[in-house]
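Per-entry structural report
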Amino acid sequence: FSLSANFHGGAVVFNYPWDSIYERHPLDEFLIDISLDYSKLNLPMWNSPEFNRGITNGADWYVVLGGMQDWSYVVHNDLQFTIELSNDKYPNFAEIPKFYNDNKKSLVAFMQYIFNGTGFQWSAKKSESGLVGVTTEQGVNLGKFSWKNGEFYKILPEGKYVYSIFNKQGTLLKKINVTVDASKRM
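Residues numbered from 1 in each chain as written. Predicted model: local features only at pLDDT ≥ 70, side-chain atom pairs only at ≥ 80, totals over all residues. Heavy atoms only, no water.

Some remarks on the overall build of the chain
When helices and strands are tallied, the chain shows 5 helices and 10 strands. C-alpha extents for the chain along the principal axes are approximately 55 × 35 × 35 Å. A fraction of 67% describes how many contacts in the chain between residues 6 or more apart in sequence connect residues 24 or more apart. Surface exposure of the chain reaches about 10500 Å², of which carbon and sulfur atoms provide 55%. For the chain, the centre of its 18 positive side-chain charges and the centre of its 19 negative side-chain charges are spaced 9 Å apart. (Helix = DSSP H or I, 4+ residues; strand = E, 2+ residues; numbered from the N terminus. Contact = heavy atoms within 4.5 Å. Areas by Shrake-Rupley, 256 points an atom, 1.4 Å probe, with all protein chains shown as cover. Lys, Arg positive; Asp, Glu negative; His and termini not counted. Charge placed at Lys NZ, Arg CZ, Asp CG, Glu CD.)

Here it is in structure tokens:
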């Protein structure tokens, strides 16, 4: 997975990383854009009396250690968000159609972000794997993420990036300059 969401009850809000630390995510502005694109299409969320524009940074709300949202990004390069659907922790089953209607357009807009990124694919042995160091054109380090079987994909904001591809022994295999063009998003 490169982009995912998990669903909870207990509030109506779109929660973006980080959950476990107060430090801002290296893609914080991009995460806020994704969050707002979701929330503005969900009127109960957007009009939240508790959360400005229906979004929150996870740790600003409350710290969660060992949560799936941060773990998915750090370990699997999966940009994950938490969507809180209901102020009731355990809502009645009969409310599911309302949750569906409130979130349908938001989910479609969210899923389109899968096209907001770039990656690579080349012939590699099935067992081949390694790490990709991702930096912005300006040299800002966004982290190292695993690749395997000659494939890698990352959700990123519009801009230019350098992928430094290493094998599992740490040898630099190649560097690739990539460009993310948000206009290509559906």
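Comments concerning the side chain of serine 39
Along the chain, serine 39 turns up in helix H1 (residues 28–39). Only 3.5 Å separates the side chain of serine 39 from the backbone nitrogen of tryptophan 46, close enough to count as a polar contact. Residues in contact with serine 39, not counting those within four places in the same chain, are Met45, Trp46, Arg53, Gly54 and Ile55. (Polar contact = N/O pair within 3.5 Å; in protein donor to acceptor, adjacent residues only side chain to side chain.)

Quick word on unusual backbone geometry
Of the consecutive residues proline 17 and tryptophan 18, the connecting peptide bond is found in the cis state with omega at 5 degrees. Mapped onto the elements of the fold, tryptophan 18 is located in the loop between strand E2 (11–16) and H1. Of note, the phi angle at asparagine 77 is positive, near 60 degrees, even though the residue is not glycine. Topologically, asparagine 77 is positioned in the loop between helix H4 (68–76) and strand E4 (79–86). A relative accessible area of 7% places asparagine 77 in the buried class. Positioned with a positive phi, asparagine 149 is a non-glycine residue whose angle comes to about 55 degrees. Within the element layout of this structure, asparagine 149 appears in the loop between strand E7 (141–148) and strand E8 (151–155). (Buried < 20%, exposed > 50% of the residue type's maximum accessible area, 1.4 Å probe, protein only.)

Here's the deal with the nonpolar core
Membership of the largest hydrophobic core comes to 33 residues, with the highest contact counts inside it found for Phe14, Leu79, Phe81 and Tyr163. With 5 residues, H1 is the single largest residue contributor to this core. (Core = buried A, V, L, I, M, F, W, Y, C linked by side-chain atoms within 4.5 Å.)

Examining H4
The set of residues buried in H4 consists of Gln69, Asp70, Ser72 and Tyr73. The arc enclosing the buried residues of H4, seen along the axis, measures out at 160 degrees, which places them on a common side. In this structure, the buried residues of H4 make contact with E2, E4, E7 and E8. Just past H4, the residue asparagine 77 takes up positive phi, approximately 60 degrees. (Arc of directions from axis to C-beta.)

A short note on the sheet that holds strand E3 (residues 55–57)
Taken in spatial order, the 4 strands of this open sheet run E1-E4-E2-E3, and their pairing is mixed. With one partner strand each, in any of the chains shown, strand E1 (3–8) and E3 form the two edges of the open sheet. Strand-to-strand twist in this sheet, taken as the mean axis angle between neighbours without regard to direction, amounts to 30 degrees. Bridge analysis of E2 against E3 gives 3 bridges, and the strand direction is parallel. The partner of asparagine 15 across the bridge, within E3, is threonine 56. Each of E1, E2 and E4 touches H4; the most contacted strand, E4, lies at about 165 degrees to it. Together, E1, E2 and E4 form the strand contacts of helix H5 (residues 96–111), whose direction differs from that of E4 by roughly 165 degrees. (Pairing = 2+ DSSP bridges. Axes fitted to C-alpha atoms, helices over the stretch in contact; angles between N-to-C directions.)

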